[in-house]
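Read off the chains here:
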Amino acid sequence: MNAEATLLRTPDPTALRTTRRHSDAEEVPDAFLVELLARHLFRVGKLPLFQIAQRMGLSRQRAEVLLAHMRDLHWVEIPHRGEFEGDVSYCLTDTGRKQASLAFEKCQYVGPAPVTLHEYASTVRDQRAHLSPTTATQLHAAIGDLVIEESLLPSLGSALNSGKAIYFYGPSGSGKTYLAEHLVKTLQGHIWVPYAIYVDGDVIRVFDPRIHREVEPGAVPERGLSRGAAGDARWVRTERPVVITGGELTLQMLELEFDAVSRLYVAPAQMKANNGIFVIDDLGRQRVGARELLNRWIVPLDRNVDYLGLHTGAKLKVPFDVTVIFLSNLAPEDLTDPAFSRRLGYKFLIGEVSNTAYREVVAQACARVGVTCDAEAVDFLVEQLHPASGQAYLPCIPFDVISKIGDRARYLGETPQLSPALIEWAWRLYFGVSDQAQQQAIQTIETGEYQK
């Protein structure tokens, strides 16, 4: 069966159906499926036919074929048969339990039947063609109350629709991470993610509930297991994934993870992020060198495929349909060579904001802390403290400073209020000053030189 045909399409070219046509794991060897079914029965004991089909993600007819073969091998027996057709239960025989134990030594995967790598790659490509582009309306909704130059939005929208890598750079505290967290909200639509992938006897877990947010299934009859009537339960319908990593990222995390005990592989982060967004924060602060890390991405970003190694030494070619967003304090010319720089499709300098925009950020910070935005105190912060210290108008500063005034008010049991003296006190605590200067700021507050 053509794997591309397994994905049903709606008349709306941007939408995916809520069910998938059953392919019944026809490309997965029966020998593997029989051992998988044996592991299910070993774990649970007696199971009715319809539950076996559900657990395996197969049609009832396909499950019956496998069970008939297992009966011929004397692996299973029927401890119960009801009055109606299909009302039959199965359990392992002594021989079946021995064979199930051997099957666990090969692989400890117990779940829905895996899909093939071909099915997975075809589905990722097909879903890419059906996903909705980011529109101006969606981007404005995702940005929300984020203070950002309006003229930057068309460029951001273009970058998200390009499918190419995006590189945000600028000083720490300029709001790069905050911006990325808003941009991922532009993801629209749902995708299909397999529980696992079968590759020459090995199993790769793909579905991760921490990343793939499952969408409630449509109304499907509980026992509607005939071909075409039920969805393909080997796949999970989820929201488009977002993966965010930071300084903890290593090269090893971008490879298949093999568990020698369970004999299972776990898909790396970028594979779990297919048809979604992968954010790499604090690029340049990982334990591995930035250039070495970026070199790992040259082929995937250029060819939309990735090559992952098995513990046997074999290499797998997997789809790479991910919008990668890099966040760094380093300018592109300080981080990459020209070859990689070309693959960073869009580069944005995220620096300090204007005086007007900064005042808007201050007002938002006051609202978050629950303090009245005092004009004199704001002027003191913007027009005196910043120029005197040479500190740029970075969006992270207002909340970090003003929240300390809220902390102080809770300690004293007071209603938080803004004043120049308290702003200076919080400023000195935030940026760190000498003990003498800090004591002077505290004394200023206590003597009431500024009105609270």
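In this text, all values refer to a predicted model and were calculated from it rather than measured experimentally. (Residues numbered from 1 in each chain as written. Predicted model: local features only at pLDDT ≥ 70, side-chain atom pairs only at ≥ 80, totals over all residues. Heavy atoms only, no water.)

Caption draft 1: Broad picture of the nonpolar core. Core analysis: the largest hydrophobic core is formed by 32 residues, its most contacted members being Leu 33, Leu 37, Ile 52, Met 56 and Met 70. With 7 residues, helix α1 (residues 30-44) is the largest single contributor of residues to this core. With sequence-adjacent residues up to four places away left out, Met 70 is seen in contact with Val 34, Leu 37, Ala 38, Trp 75, Val 76 and Leu 92. In this structure, Val 378, Leu 381, Val 382 and Leu 418 belong to the second largest nonpolar core, which totals 28 residues. (Core = buried A, V, L, I, M, F, W, Y, C linked by side-chain atoms within 4.5 Å. Buried < 20%, exposed > 50% of the residue type's maximum accessible area, 1.4 Å probe, protein only. Helix = DSSP H or I, 4+ residues; strand = E, 2+ residues; numbered from the N terminus. Contact = heavy atoms within 4.5 Å.)

Caption draft 2: Broad picture of the side chain of Thr 134. Tracing the backbone shows Thr 134 in the loop between α5 (117-130) and α6 (136-143). Thr 134 sits in the buried class, given a relative accessible area of 14%. For Thr 134, the residues in contact, after removing those within four places along its chain, are Leu 139, Leu 160, Asn 161 and Thr 186.

Caption draft 3: Layout of the packing of aromatic side chains. All told, the structure shown has 13 aromatic pairs when counted by the stated rule. Grouped by ring-pair contacts, the aromatic residues Phe 278, Trp 297, Phe 320 and Phe 326 constitute a single cluster. The ring of Phe 399 is capped by Arg 368, whose NZ or CZ atom sits 3.6 Å from the centre of that ring. The ring of Trp 425 carries Arg 408 above its face, with NZ or CZ at 5.8 Å from the centroid. (Phe/Tyr/Trp six-rings, centres within 6.5 Å; stacked < 30°, edge-to-face > 60°. Lys NZ or Arg CZ within 6 Å of the ring centre and 35° of its normal.)

Caption draft 4: Looking closely at the pattern of salt bridges. Evaluated as defined, the whole model comprises 15 salt bridges. As a salt-bridge pair, Glu 35 and Lys 106 come within 2.8 Å of each other at their nearest N and O atoms. Taken together, the residues Glu 35 in helix α1 and Lys 106 in helix α4 (residues 94-106) connect sequence positions 71 residues apart. Under the relative-accessibility criterion, Glu 35 is labelled buried at 18%. One salt bridge in this structure joins Asp 232 and Arg 234, with 2.9 Å as the shortest N-O distance. Taken as a pair, Asp 232 and Arg 234 share a single burial class, namely buried. What emerges from the salt-bridge pattern is a single network uniting Glu 119, Asp 232 and Arg 234. (Salt bridge = Lys/Arg side-chain N within 4 Å of Asp/Glu carboxyl O.)

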